[in-house]
Amino acid sequence: MSVLEDIIAGVREDLERRKQSVSLDTLRDLAQQQAPVRDAFAALGGGSANTSGLSVIAEVKRRSPSKGALAPIADPAALAAEYQAGGAAVISVLTEQRRFGGSLADLDAVRAAVELPVLRKDFTVDPYQIWEARAHGADLILLIVAALTDEELAEFLDLAARLGLHCLVETHTAEEVERAIAAGARIIGVNVRNLKTLDVDRSVFAPLAAAIPAGCVVVAESGVRDLEDVSAYAAAGASAILVGEALVRTDSPRELLATFKAVGAATLPAT
């Protein structure tokens, strides 16, 4: 069993427990009570020239399968507020509990603390989770191409659109990029972490990013350690970077995030 398959098996078990305690009808009612969805596509520079040069999706992330414990994050709302002050375009909140130490309570806390679009970052394998994300105030959800059939990907994109949500559609290979494009994805992530081995290979980003059509938001996921990585992703055509570990491990997330943005703005895309 691959790492992804193992994570999803746990996600499905936890999902069944939540379904027993909160009905889909309840989620639908809660979703209708939420404030209007914030436009994550526009926040990430989609639909117009990105005058900031590079957007940052800043992540609330306690741990990961590859690195273990990263940071305790006793107050996710306070961290999110720091990210907002540092110039983040979107706040990402891990809600998977077993491997990442997240929760829907973290999502609720962050949603109440910031005005920015919020990404519910989890392993979406069931329409229930999409309703759940909206019921908890998310504006954006993650869809991992490797975890979904073409039919599921199309179904989930359609449901998200009907709820007003945008989707960060994550890819790892050229074939997955093609599938994301064919499904109509507008925000496409290239994750340079191999889901089978958890190894990071930053060299895979540039060729995959080059295959993504103009008009899409291109997100570089994983492997952002320092200013050199930020500059390299920006030069290779990233519209945005998703950063978790580097930000949660620093004592000054606001300052580091602002520095990442400045470096990205100063880096011209490769021609």
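Residues numbered from 1 in each chain as written. Predicted model: local features only at pLDDT ≥ 70, side-chain atom pairs only at ≥ 80, totals over all residues. Heavy atoms only, no water.

Participant: Help me get a handle on the nonpolar core, residues and values and all.
Facilitator: Counting 66 residues, the largest nonpolar core has Y83, I91, F205 and I241 as the members making the most contacts within it. Setting aside residues up to four positions removed in sequence, I91 forms contacts with A58, V60, A80, Y83, Q84, V110, V114, L116, P117, V118 and L119. Listed in part, the 26 residues of the second largest apolar core include L94, L140, L142 and L195. (Core = buried A, V, L, I, M, F, W, Y, C linked by side-chain atoms within 4.5 Å. Buried < 20%, exposed > 50% of the residue type's maximum accessible area, 1.4 Å probe, protein only. Contact = heavy atoms within 4.5 Å.)

Participant: Can you break down the layout of surface pockets residue by residue, with the values?
Facilitator: In this model, the largest pocket occupies a volume close to 580 Å³. For the largest pocket, the lining is made up of 33 residues, of which K61, K121, N191, R193 and S222 are closest to its centre. At the level of secondary structure, the elements contributing two or more residues to the lining of the largest pocket comprise α1 (3-21), β6 (140-144), β10 (240-243) and α11 (245-248). Here the element with the most residues in the lining of the largest pocket is α1; it accounts for three residues. Here the lining of the largest pocket is built from residues that sort into 16 nonpolar, six polar and eleven charged. Here the second largest pocket is characterised by a volume of approximately 300 Å³. Lining the second largest pocket are 16 residues, and of these H172, E176, N194, L195 and K196 sit closest to its centre. (1 Å grid on protein atoms, 1.4 Å probe; cavity = no way out; pocket = protein on both sides within 12 Å on 5 of 7 lines; lining within 4 Å. Points joined across faces, edges and corners; volume = space filled by probe spheres on them. Helix = DSSP H or I, 4+ residues; strand = E, 2+ residues; numbered from the N terminus. Nonpolar A, V, L, I, M, F, W, Y, C, P; charged D, E, K, R; others polar.)

Participant: Tell me about the pattern of salt bridges, and please be specific about residues and values.
Facilitator: Scanning the model with the defined rule gives 21 salt bridges in all. R99 serves as the salt-bridge partner of D6, at 2.1 Å between the closest nitrogen and oxygen. Taken together, the positions of D6 in helix α1 and R99 in the loop between β4 (90-94) and α5 (104-113) put the pair 93 residues apart, joining distant regions of the chain. On the accessibility criterion, D6 (34% relative accessible area) is partly exposed. A relative accessible area of 27% places R99 in the partly exposed class. Measuring nitrogen to oxygen at the nearest pair gives 2.6 Å for the salt bridge that ties D139 to R111. Highlighted residues: D139 in the loop between α6 (127-135) and β6 and R111 in helix α5, separated in sequence by 28 residues. Note on D139: relative accessible area 0%, which makes it buried. Counted as one network, the salt bridges with shared partners bring together E13, D14, R17 and R98. (Salt bridge = Lys/Arg side-chain N within 4 Å of Asp/Glu carboxyl O.)

Participant: Tell me about the environment of I144, residues and numbers included.
Facilitator: Looking at where I144 falls in the secondary structure, it is placed in strand β6. Taking the relative accessible area as the measure of exposure, I144 reaches 5% and is therefore buried. Sequence separation of I144 and F123 is 21 residues, and the distance between their C-alpha atoms is 7.1 Å. When near neighbours in sequence (up to four residues on either side) are disregarded, I144 contacts F123, E170, H172 and L195.

Participant: Give me the lowdown on the packing of aromatic side chains, citing residues and values where you can.
Facilitator: In this structure the tally under the stated criterion is two aromatic pairs. Aromatic side chains F100 and F123 sit 5.9 Å apart centroid to centroid with 35° between the ring planes, which places their arrangement in the tilted category. Residue F100 is found in the loop between β4 and α5, and its partner F123 is found in the loop between β5 (118-121) and α6; the two are separated by 23 residues along the sequence. With respect to class, F100 is no different from F123; both count as buried. (Phe/Tyr/Trp six-rings, centres within 6.5 Å; stacked < 30°, edge-to-face > 60°.)

Participant: Tell me about the sheet that holds β10, and please be specific about residues and values.
Facilitator: The strand order β1-β4-β5-β6-β7-β8-β9-β10 describes a closed barrel built from eight strands, whose pairing is parallel. Neighbouring strand axes in the sheet, compared pairwise and without regard to direction, differ in orientation by 25° on average. Both strand β9 (residues 217-221) and β10 contribute to a ladder of three bridges, which runs parallel. Its bridge partner being in β10, V219 is matched across the sheet by A240. (Pairing = 2+ DSSP bridges. Axes fitted to C-alpha atoms, helices over the stretch in contact; angles between N-to-C directions.)

Participant: Could you give an account of the pairing of strand β8 (residues 187-191), with specific residues and numbers?
Facilitator: β8 sits mainly inside the fold: five of its five residues count as buried. Direction of pairing for strand β7 (residues 166-171) relative to β8: parallel, over a ladder of four bridges. Its bridge partner being in β8, T171 is matched across the sheet by V190. Regarding topology, helix α8 (residues 174-183) serves as the crossover connection from β7 to the parallel β8, and that connection is right-handed. Judged from the five bridges that link them, β8 and β9 form a sheet pairing that is parallel. Among the inter-strand pairings, I188 is bridged to a residue of β9, identified as V218. Assessed by its sense of winding, the connection that carries the chain from β8 through helix α9 (residues 205-210) to β9 is right-handed. (Right-handed = clockwise from strand over helix to strand, strands pointing away.)

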